[in-house]
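Close look at the chain arrangement
Below, each chain spelled out in residue letters.
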Amino acid sequence: MKIRWKLPLALALTTLIFAGIVTMASALLLQGVFFGRLQDDMSHQAHEYATVLESLPAGSATSSAELEKLTQQVGRAGEVRFTLIAHDGKVLADSDVNPATLENHASRPEVKQALLGREGRARRTSATEKREEVYVAIPLPEGNSGWSKGVLRAAVPASRIDAMLSASWRIPLIVWAILLLPTLAAAFLLTRSITRDLERLRRMTSKVASNELGYRNSVRRSDELGDLGTSLNTMATRLESRDYELTAEMERSDQVLAAMGDGVLLVDGDGRLLRHNPAAGRILGVNLDQAEGNPLVFAARAFPVQALAEKAAEAGHPVTEAVELPGGRFLNIEVAPLSTTGTTPGQTLFVIRDETTRKAVERMRRDFVTNVSHELKTPLAGLSLLSETLAHAVREDPQQAEVFVHQLDHEVKRLIELTRDLLTLSRLEEPEAGQQSDFEVIDMVDLSLNAATEAEAMAEAKSQELTFDLPSEALVRGDAVALRTLIRNLLNNAVRYTDAQGHIRLAIALEQIDDEDWVMLRVTDDGAGIPLAEQERIFERFYRVDKARSRETGGTGLGLSIVRHVAERHGGNVRVTSTVGVGSTFTVRIPSASHEATCL
Ligand code: ADP
């Protein structure tokens, strides 16, 4: 029930109870007063009648018929029943009843008292009238008639006072009923002004609770309710500014977390994910966007969250762990146990760094050094042997010495070739090498003709046919030295891995793929071909399909890895299609720069 109704109802009830109490109290009081007053009146009337009896002449007062008549007259006049009783209790006369029918009254309590010389009063049910009566009996003096030392009793029905009393009961209730409506109206109006403002305050608190922090109440009063309204408004203002600061702080920390390259995970004591940054999902290779609030293990099964958290908690300080995930991912994880604050139990912060690339680079470096050492060892050992043999042959067999000098020369050339390729590779791998800003516009047609001279000579020596299919111009933006190396390597490979009388073709064309212009350079041969399983691996450093043939033809195993490097540095790519015994086709695509030339 609303306060608006509660208060008036409470007021009505209170006044009703009050009216009831007043009614009861006044009834009790009035009952006493009425009763006393009635009995006094009756006593007074009895004494008056007694005086009349006493003043009667001795003779006339002795006849019972006369007494009877007198008593009836007096009783009727005073609306009181008078009973004249002899000192032995015998009823001599009665104003309402025939005395002959009445029994001896000596045992009646009020009569008993009067016979003892005192005024007797009583309220009881009359044996004669069969109703409740109020009695007053007075003793009569000694006289010369039958009533001498007898008793005169006056009786009135009790209903006479009860009627008066019931009338007195009604008065407070009537007053209450008359006052009820104005009381209710006054209470309603009074409470309405309070409840209206209370409603405003209630609405405000519920709005603020549902995060409408800008909502203010409009209660303007000079009482406690007004103070409460002002305090609530001040509280909401503070809450709003705190919320603003908190949101700004959260946004800042979100930005910091998002900008971090390392993955960050905050996990509670039960392993549930509380916060994360995009890098964490990226490094773990899972989507963590819907995972917050759920155990981290559901989203990232392979991540040993519980074991790491326990380890850090046991250590009591941050620990660093190296973890290898399935799929060859290497992670370096810093695990920091956060101290328990307030009711928040221990949380754990994970900072994850992806070491996969670094590990791969490290391994590549190691492999590279091993490979380079191995590649150098063979020609150097050959050189050492040749130089020893040469020293001996110069003295013994000058003709043979000349053969050794040729071999020596061949080995030195291989070493020079290897060193040149290594230098080219290292130059391409330098971070600043091949920066787009250093690039110039190059015509791939000119460059190809220029780079083909060596291959042309080699092809001629093997009686191979080298043909060109070139447009008038094919412009790219790039590094001329690197691109020349790319073309030379592809052409030289084609010549080297194609038998005598074979056919080699260099084609350049302009292409448009997905609205982008490309220069396509294709070297096709009908040589040995490359098995499908090895077609991707031939671009790795020092990888050779046929080691003996590579060495024999002066290969270093670095040619194609240089080709791929150069193509990728220029924003392009290289693809191979080949069938063993049929031939190979190497296709390089580099973004065209023809639009730049037209701009110029
Ligand atoms: P290499 O110096 O050994 O030629 P490359 O990196 O240039 O090294 O080539 C890697 C390997 O790919 C070669 O050893 C060879 O087995 C194979 N290869 C390259 N080009 C051709 C080709 N045109 N035809 C057949 N095999 C080729």
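Attention here is on the structure that accompanies the text. All chains use their own residue numbering, which begins from 1 and follows the written sequence. Given that this is a predicted model, residues contribute local features only at a pLDDT of at least 70 and side-chain atom pairs are listed and counted only at 80 or more, while totals for whole chains, interfaces and linings are drawn from all residues. Values reported for side chains reflect all heavy atoms of the structure, with hydrogen atoms and water molecules removed beforehand.

1. Quick look at the overall build of the chain
Cut-off, in case you're wondering: A run of H or I in DSSP counts as a helix once it spans at least four residues, and a run of E counts as a strand once it spans at least two, with each numbered from the N terminus. With the radius of gyration taken over C-alpha atoms, the globule rule is written as 2.2 Å times the number of residues to the power 0.38. Exposure is judged per residue with a 1.4 Å probe applied to protein chains only, and the accessible area is read against the type maximum: over 50% gives exposed, under 20% gives buried, and values in between give partly exposed.
Summing up its helical and strand segments, the chain has 16 helices and 17 strands in all. Radius of gyration (C-alpha) of the chain: 65 Å, far over the 25 Å computed for a compact globule of 600 residues. In terms of overall dimensions, the chain has a C-alpha envelope of 210 × 60 × 45 Å along the principal axes. Within the span of the chain, comprising 600 residues, buried residues form 37% of the whole.

2. Describing a nonpolar patch on the surface
The following threshold applies: The patches reported here contain residues having more than 30% relative accessible area and no salt bridge. Joining distances are 9 Å for like charges and 5 Å for nonpolar side chains (Val, Leu, Ile, Met, Phe, Trp, Tyr). Note on areas: Shrake-Rupley with a 1.4 Å probe; residue coverage comes only from the protein chains shown. Criterion for a salt bridge: a side-chain nitrogen of Lys or Arg within 4 Å of a carboxyl oxygen of Asp or Glu.
There is a patch of nonpolar side chains on the surface, built from Ile3, Leu7, Ile194 and Leu198 and spanning about 290 Å² of accessible area. Those elements giving two or more residues to the nonpolar patch turn out to be helix H1 (3-55) and helix H4 (159-209). Tracing the backbone shows leucine 7 in helix H1. Of the residues examined, leucine 7 reaches a relative accessible area of 40% and is grouped as partly exposed.

3. Some details on the side chain of threonine 498
Formally: A 3.5 Å cut-off defines polar contacts: any pair of N or O atoms within that distance qualifies, except that in protein one atom must be a possible hydrogen donor and the other a possible acceptor, and neighbouring residues in sequence count only when both atoms are side-chain atoms. Note on definitions: a residue-residue contact is assigned when non-hydrogen atoms from the two residues lie within 4.5 Å.
Counting through the fold element by element, threonine 498 comes out in the loop between helix H13 (480-496) and strand S14 (503-513). Under the relative-accessibility criterion, threonine 498 is labelled buried at 1%. A polar atom in the side chain of threonine 498 sits 2.5 Å from the backbone oxygen of alanine 494. If sequence neighbours within four positions are ignored, threonine 498 has contacts with Lys462, Gln464, His503, Asp525, Asp526, Gly527 and Arg549.

4. As for the site of the ligand
Cut-off, in case you're wondering: Residue proximity to a molecule or strand is established when one non-hydrogen atom of the residue lies within 4 Å of it.
Inspection of the region around the ligand gives 21 residues, with Asn493, Tyr497, Ser550, Thr556 and Gly557 positioned closest. Between the ligand and valine 545 there is a distance of 3.0 Å, counted from an oxygen atom to a backbone nitrogen or oxygen. Leucine 560 has a polar backbone atom sitting 2.8 Å from an oxygen atom of the ligand. For the ligand, whose accessible area on its own is 530 Å², the fraction buried by protein is 98%.

5. What to know about the pattern of salt bridges
This model, assessed by the stated rule, comprises 33 salt bridges. Aspartate 94 is the partner of arginine 81 in a salt bridge, and the nearest nitrogen-oxygen pair spans 3.0 Å. Pair noted here: arginine 81 is in strand S1 (residues 81-85) and aspartate 94 is in strand S2 (residues 91-94), with a separation of 13 residues, a long-range link. Here arginine 221 and aspartate 197 are joined by a salt bridge, their closest N and O atoms 2.6 Å apart. Of this pair, arginine 221 sits in the loop between H4 and helix H5 (224-259) while aspartate 197 is found in helix H4, placing the two residues 24 residues apart along the sequence. Assessed through its relative accessible area of 6%, aspartate 197 is described here as buried. Where salt bridges share partners, they join Asp197, Arg200, Arg221 and Asp223 into one cluster.

6. Quick word on the packing of helix H12 (residues 453-461) against H13
Under the convention used in this document: Only C-alpha atoms enter the line fits that serve as axes; for helices the fit covers just the stretch in contact. Angles between N-to-C directions range over 0 to 180 degrees. By definition in this entry, angles of less than 35 degrees are roughly parallel, angles greater than 145 are roughly antiparallel, angles of 65 to 115 are roughly perpendicular, and the rest are oblique. All amino acids are sorted into three groups, where Ala, Val, Leu, Ile, Met, Phe, Trp, Tyr, Cys and Pro are nonpolar, Asp, Glu, Lys and Arg are charged, and the leftover types, Gly among them, are polar.
Interhelical geometry of H12 versus H13 gives an angle of 5° and a closest axis separation of 9 Å. Regarding the angle of H12 to H13, the classification is roughly parallel. Residues Glu454, Ala455, Met458 and Ala459 of H12 lie in contact with H13, whose contacting residues are Arg488, Leu491, Asn492, Val495 and Arg496. Taken together, the residues that form the contact of H12 with H13 break down as five nonpolar, one polar and three charged.

7. Considerations on a positive patch on the surface
What counts, and what does not: In summary, the charge assignment counts Lys and Arg as positive and Asp and Glu as negative, without counting His or the chain termini. Every charge is mapped to an atom, namely NZ of Lys, CZ of Arg, CG of Asp or CD of Glu.
Together, Lys2, Arg4, Arg192 and Arg196 make up a region of like positive charge exposed at the surface. Positionally, lysine 2 belongs in the segment before H1. Overall, lysine 2 belongs to the exposed group, its relative accessible area being 57%.

8. Thoughts on the pairing of S14
The condition that has to hold: For two strands to count as paired, DSSP must find a minimum of two bridges between them.
In this structure, strand S12 (residues 465-469) lies alongside S14, joined through five bridges in parallel fashion. Its bridge partner lying in S14, phenylalanine 468 is registered against leucine 506. For S14 and strand S15 (residues 516-525), the ladder comprises ten bridges, and the chain directions are antiparallel. Along S15, the bridge assignment pairs arginine 505 with threonine 524. A loop of two residues connects S14 with S15, the two strands running antiparallel in sequence, and aspartate 514 in this loop sits at a positive phi of about 50°.

9. Focus: the packing of aromatic side chains
Condition: We call Phe, Tyr and Trp rings a pair once their centres come within 6.5 Å, taking the six-membered ring for Trp, and we label the pair stacked below 30 degrees between planes, edge-to-face above 60, and tilted otherwise. Either the NZ atom of lysine or the CZ atom of arginine qualifies as a charge over a ring when it sits within 6 Å of the ring centre and within 35 degrees of the ring normal.
One pass over the full model with this rule turns up four aromatic pairs. Seen in terms of ring centroids, phenylalanine 303 and phenylalanine 350 are 5.5 Å apart; in terms of plane orientation they differ by 75°. Their pairing is edge-to-face. One end of the pair, phenylalanine 303, is in the loop between helix H7 (296-299) and helix H8 (305-315); the other, phenylalanine 350, is in strand S10 (residues 347-354), with 47 residues separating them in the sequence. Accessibility classification places phenylalanine 303 together with phenylalanine 350 in one group, the buried group. Lying over the aromatic face of phenylalanine 330, lysine 359 brings its terminal NZ or CZ to 5.2 Å of the ring centre. Sitting above the plane of the phenylalanine 368 ring, arginine 541 keeps its charged end 4.7 Å from the centroid.

10. Considering the sheet that holds S2
As summarised here, the arrangement of the five strands in space is S2-S1-S5-S4-S3, forming an open sheet in which the pairing is antiparallel. Only two strands of the sheet have a single partner each, and these edge strands are S2 and strand S3 (120-125). Direction aside, the axes of adjacent strands within the sheet are offset by 20° on average. Note that S1 and strand S5 (residues 151-157) share five bridges and pair antiparallel.

11. Some words on the environment of leucine 425
Along the polypeptide, leucine 425 turns up in helix H10 (residues 398-429). On the accessibility criterion, leucine 425 (2% relative accessible area) is buried. Taking the C-alpha atoms as reference points, leucine 425 and glutamine 535, 110 residues apart in sequence, are found 21 Å from one another. Here leucine 425 is in contact with Phe368, Arg541, Leu558, Ser561, Ile562 and His565, once residues within four sequence places are set aside.

12. A short note on the sheet that holds S15
Sheet architecture is open: five strands sit in the order S12-S14-S15-S17-S16, paired in mixed fashion. Here the strands that pair on one side only, and so sit at the sheet edges, are S12 and strand S16 (573-579). Between one strand axis and the next, the sheet turns by 15° as a mean value, whatever way the strands run. Bridge count for S15 against strand S17 (residues 583-591) is eight bridges, and the pairing is antiparallel.

13. Thoughts on the side chain of aspartate 421
The residue aspartate 421 is located in helix H10 in this model. Sequence-distant contacts of aspartate 421, defined by excluding residues within four places in its chain, comprise Thr556, Leu558, Gly559 and Ile562.

14. Re the nonpolar core
This is how it is decided: Working definition of a nonpolar core: buried Ala, Val, Leu, Ile, Met, Phe, Trp, Tyr and Cys residues. They are joined through side-chain atoms within 4.5 Å. Where each domain starts and ends follows an automatic or database-derived domain assignment.
In this structure, Met444, Leu490, Leu491, Leu521 and Val588 are the most contacted members of the largest nonpolar core, which totals 46 residues. Examining the composition of this core, we find that nine residues originate from one element, H13, more than from any other. Of the domains in this structure, domain 3 (360-428) and domain 4 (437-599) are the two that each give at least three residues to this core. If we ignore the near neighbours within four places in the chain, the residues touching leucine 491 are Ala452, Ala455, Leu466, Ile504, Leu506 and Val523. Counting 24 residues, the second-largest nonpolar core is a separate cluster that includes Ala46, Val80, Leu84 and Ala158.

It is worth stressing that arrangement in space is one thing and function is another; only the former is reported here.
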